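Below, each chain spelled out in residue letters.
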Amino acid sequence: MDNGTTRSQRFGRRRFLGAAGAGTAALLAASAARSATPDPAITEVQDWARGLGDGVATRPYGMPSEFEKHVVRRDVEWLTASRQSSVSFTPLHSLDGVITPSGLCFERHHAGIADIDPAKHRLMINGLVDRQMVYTLDDLKRFPGRVGRIHFLECAANTGMEWRGAQLNGCQFTHGMVHNVAYTGIPLRMLLDHCGVRTNGRWLLAEGGDAAAMTRSLPLDKAMKDCLVAWAMNGEALRPEQGYPLRLVVPGWEGNMWVKWLRRIEVGDQPWHHREETSKYTDLLADGRARRFTWIMDAKSVVANPSPQAPLRHRGPNVLSGLAWSGRDAIRRVDVSLDGGRNWRTARIDEPVLSPSFVRFYAEFDWNGSELLVQSRAIDATGYVQPTKHELRRFRGTNSIYHNNGIQTWLVRPNGETENVEIS
Ligand code: MTE
Ligand code: CO
């Protein structure tokens, strides 16, 4: 694995490479050439066809094929001092569509994974409410108004290592602190209405049941608008890594607010100014001031194929593929460039287009073996255009860790190997 490799290269803009071409014809030519020699994959009876395979339920919980065992979450060892307060990354380069498989969702824990017995788990709502309540999991599952929603969750620190230049070699590591999951749960508004928020209630404190007892202040307006208390992801119970048995879903807002192992929500009249909203999750600007409460994740995109862990293997027709998301509004358009942003073309956005959620984009292109500088830029329905890294630094300086949504560049070399680079 080439994870964690330090690379920092700057490239001038290259000439646009003639991309359009006889894609289908080239594909047909390739398969015709292949058929000239006998192909044992066709002429021989394969091992798996010589006898019976495993019967039903010999694999009671289905797992991916053994040939997919390289498709896993990975961490970057030098990044954190311990694995309990650390992060693993989603293998974006190996996935397709918009749903992140549960077992591949990146993890970010401050005190490791809490393995909670749901029978012993409670959700308390207290503070400025008419009725303080304690709910069991069963209470929540019987609560009227259950809904399902598909949302991305991006850690504010995603791409945080890239502020000072190209650093990590793979979109798993540069962009993999994000996942997109189908949740089932109760709108938080319904629970708050059940408790009766007092007229002076303005803020919530959400608290986790892990050893970190992680807490974040959340404005009441957001809670009433679209937050969920969720117990299911992708159709089954939340995974322990993702907060089993309960997590807060805060659509479009930074991942840190999506408190896992959720055990308490307190209603107050002002924010609490806890660790995660003062010393952490603030953005230090060049002039020494810090931005605070920068909750929304701005429009961002990345090309996953090709990328350093998924180099270009074939000359001729290829399909570029990637993901775009915005916490502000729906993704309206994604542009891609093969020449470092000199020429752009509109990518094909696939269904479903939900918001705030991943959208999957594709762009077909012919590769003649010349060097490419591959980029993508997302545009959302507010008209916001994903900035270049240079533009972003003009406003934000280089002291930040969080909220780096600058345009990513991959250099594809003539041999197909692909690297994380930055262009000036
Ligand atoms: N909630 C608790 N209780 N403890 C945590 O460590 N990490 C937060 C958030 N919720 C955390 C938590 C951070 S920083 C992020 S980015 C998301 O959970 C990560 O969610 P995931 O592990 O499902 O990817
Ligand atoms: Co985070």
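It should be emphasised that the depicted structure is a prediction, and the values quoted were computed from it without experimental measurement.

1. Considering the site of ligand 1
No. 1: Looking at ligand 1, there are 21 residues lining it, with Phe106, His110, Asp210, Arg247 and Lys260 nearest.
No. 2: Protein chains shield 100% of the accessible area of ligand 1, which is 530 Å² for the free molecule.
No. 3: The dominant element in the shell around ligand 1, judged by the number of residues it contributes, is strand 3 (residues 107-109), at 3 residues.
No. 4: Here the shell around ligand 1 is composed, by residue class, of 8 nonpolar, 7 polar and 6 charged.

2. What about the domain arrangement of the protein chain?
No. 1: By the assigned domains, the protein chain splits into domain 1 (93-291) and domain 2 (296-421).
No. 2: When each unit is reduced to the centre of its C-alpha atoms, the spacing between domain 1 and domain 2 is 27 Å.
No. 3: With 45 residues of domain 1 in contact, the opposing surface of domain 2 contributes 45 residues.
No. 4: Roughly 3,800 Å² of surface becomes buried between domain 1 and domain 2 when both sides are summed, with 55% attributable to carbon and sulfur atoms.

3. Description of the packing of aromatic side chains
No. 1: All told, the structure shown has 10 aromatic pairs when counted by the stated rule.
No. 2: Aromatic pair tyrosine 183 and tryptophan 258: ring centres 5.8 Å apart, planes at 50 degrees, arrangement tilted. Here tyrosine 183, found in strand 7 (residues 178-187), pairs with tryptophan 258, found in the loop between strand 12 (247-249) and strand 13 (262-268); they are 75 residues apart in sequence, far enough to count as distant. Here tyrosine 183 matches tryptophan 258 in class, with each residue buried.
No. 3: Summarising the aromatic geometry, the rings of tryptophan 203 and phenylalanine 293 are spaced 5.6 Å apart at their centres and angled 40 degrees between planes, so their arrangement reads as tilted. Of this pair, tryptophan 203 sits in strand 8 (residues 203-208) while phenylalanine 293 sits in the loop between strand 15 (290-291) and strand 16 (300-305), placing them 90 residues apart in sequence.
No. 4: Under the relative-accessibility criterion, tryptophan 203 is labelled buried at 14%.
No. 5: Members of the aromatic cluster, connected to one another through ring pairs, are Trp203, Trp253, Phe293 and Trp295.

4. Thoughts on the sheet that holds strand 9 (residues 215-219)
No. 1: In spatial order, the strands read 5-4-13-8-9; together these 5 strands make up an open sheet with mixed pairing. If you trace the sheet from one side to the other, it starts and ends with strand 5 (133-135) and strand 9, each paired once. Going across the sheet, the axis of each strand differs from the next one's by a mean of 20 degrees, ignoring polarity.
No. 2: Across the sheet, helix 5 (residues 188-195) touches strand 4 (123-127), strand 5, strand 8 and strand 13, and the angle it forms with strand 5 is around 140 degrees.

5. Here we look at the pattern of salt bridges
No. 1: The tally for this structure, following the rule as stated, stands at 27 salt bridges.
No. 2: Measuring nitrogen to oxygen at the nearest pair gives 3.8 Å for the salt bridge that ties aspartate 283 to arginine 396. One end of the pair, aspartate 283, is in strand 14 (residues 283-284); the other, arginine 396, is in helix 7 (residues 389-396), with 113 residues separating them in the sequence. Each member of the pair, aspartate 283 as well as arginine 396, carries the same accessibility label: buried.

6. Quick notes on helix 5
No. 1: Those residues of helix 5 that sit buried are Leu188, Leu191, Leu192 and Cys195. On an axial view of helix 5, the arc spanned by its buried residues comes to 100 degrees, and they lie on one face.

7. Let's talk about the nonpolar core
No. 1: Formed by 56 residues in total, the largest nonpolar core has its most connected members in Leu123, Leu188, Leu191, Leu204, Leu218, Val229 and Leu262.
No. 2: Considering every element that reaches this core, the biggest residue donor is strand 10 (residues 228-233), with 6 residues.
No. 3: In this view, leucine 188 contacts Leu204, Ala223, Cys227, Leu228, Val229, Leu248 and Ile265; residues no more than four positions away in its chain are not counted.
No. 4: Among the nonpolar cores identified, the runner-up in size contains 31 residues, and Cys171, Leu323, Phe361 and Val412 belong to it.

8. Points about the pairing of strand 22 (residues 372-380)
Both faces of the sheet carry side chains from a regular strand, because those side chains alternate between them.
No. 1: The buried fraction of strand 22 is high, at 8 of 9 residues.
No. 2: Inspection of the sheet shows strand 22 paired to strand 23 (residues 409-412) by 3 bridges, in the antiparallel sense. Across the sheet, residue valine 374 finds its bridge partner in strand 23, namely tryptophan 410.

9. Overview of the pairing of strand 24 (residues 418-423)
No. 1: Of all 6 residues making up strand 24, 6 are buried, and the element is well covered by its neighbours.
No. 2: Side chains Thr418, Asn420 and Glu422 of strand 24 all project onto a buried face; the interleaved residues Glu419, Val421 and Ile423 project onto the opposite face, where all are buried too.
No. 3: Sheet topology places strand 23 next to strand 24; 4 bridges connect them, and they run antiparallel. From the neighbouring strand, threonine 409 faces strand 24, where its bridge partner is valine 421.
No. 4: Hairpin connection, strand 23 to strand 24: the antiparallel pair is bridged by 5 residues, and glycine 416 has positive phi, about 95 degrees.

10. Re the side chain of aspartate 283
No. 1: With a relative accessible area of 0%, aspartate 283 lands in the buried category.
No. 2: At 3.1 Å, the side chain of aspartate 283 forms a polar contact with the side chain of threonine 294.
No. 3: Contacts of aspartate 283, omitting those with residues within four sequence positions, involve Arg289, Ala290, Arg291, Thr294, Arg396, Ser400, Tyr402 and His403.

Conventions we followed
Residues numbered from 1 in each chain as written. Chains lettered and ligands numbered in written order. Predicted model: local features only at pLDDT ≥ 70, side-chain atom pairs only at ≥ 80, totals over all residues. Heavy atoms only, no water. Near = heavy atom within 4 Å. Areas by Shrake-Rupley, 256 points an atom, 1.4 Å probe, with all protein chains shown as cover. Helix = DSSP H or I, 4+ residues; strand = E, 2+ residues; numbered from the N terminus. Nonpolar A, V, L, I, M, F, W, Y, C, P; charged D, E, K, R; others polar. Domains from an automatic or database assignment. Contact = heavy atoms within 4.5 Å. Buried area = accessible area lost by both parts, 1.4 Å probe. Phe/Tyr/Trp six-rings, centres within 6.5 Å; stacked < 30°, edge-to-face > 60°. Buried < 20%, exposed > 50% of the residue type's maximum accessible area, 1.4 Å probe, protein only. Pairing = 2+ DSSP bridges. Axes fitted to C-alpha atoms, helices over the stretch in contact; angles between N-to-C directions. Salt bridge = Lys/Arg side-chain N within 4 Å of Asp/Glu carboxyl O. Arc of directions from axis to C-beta. Core = buried A, V, L, I, M, F, W, Y, C linked by side-chain atoms within 4.5 Å. Polar contact = N/O pair within 3.5 Å; in protein donor to acceptor, adjacent residues only side chain to side chain.

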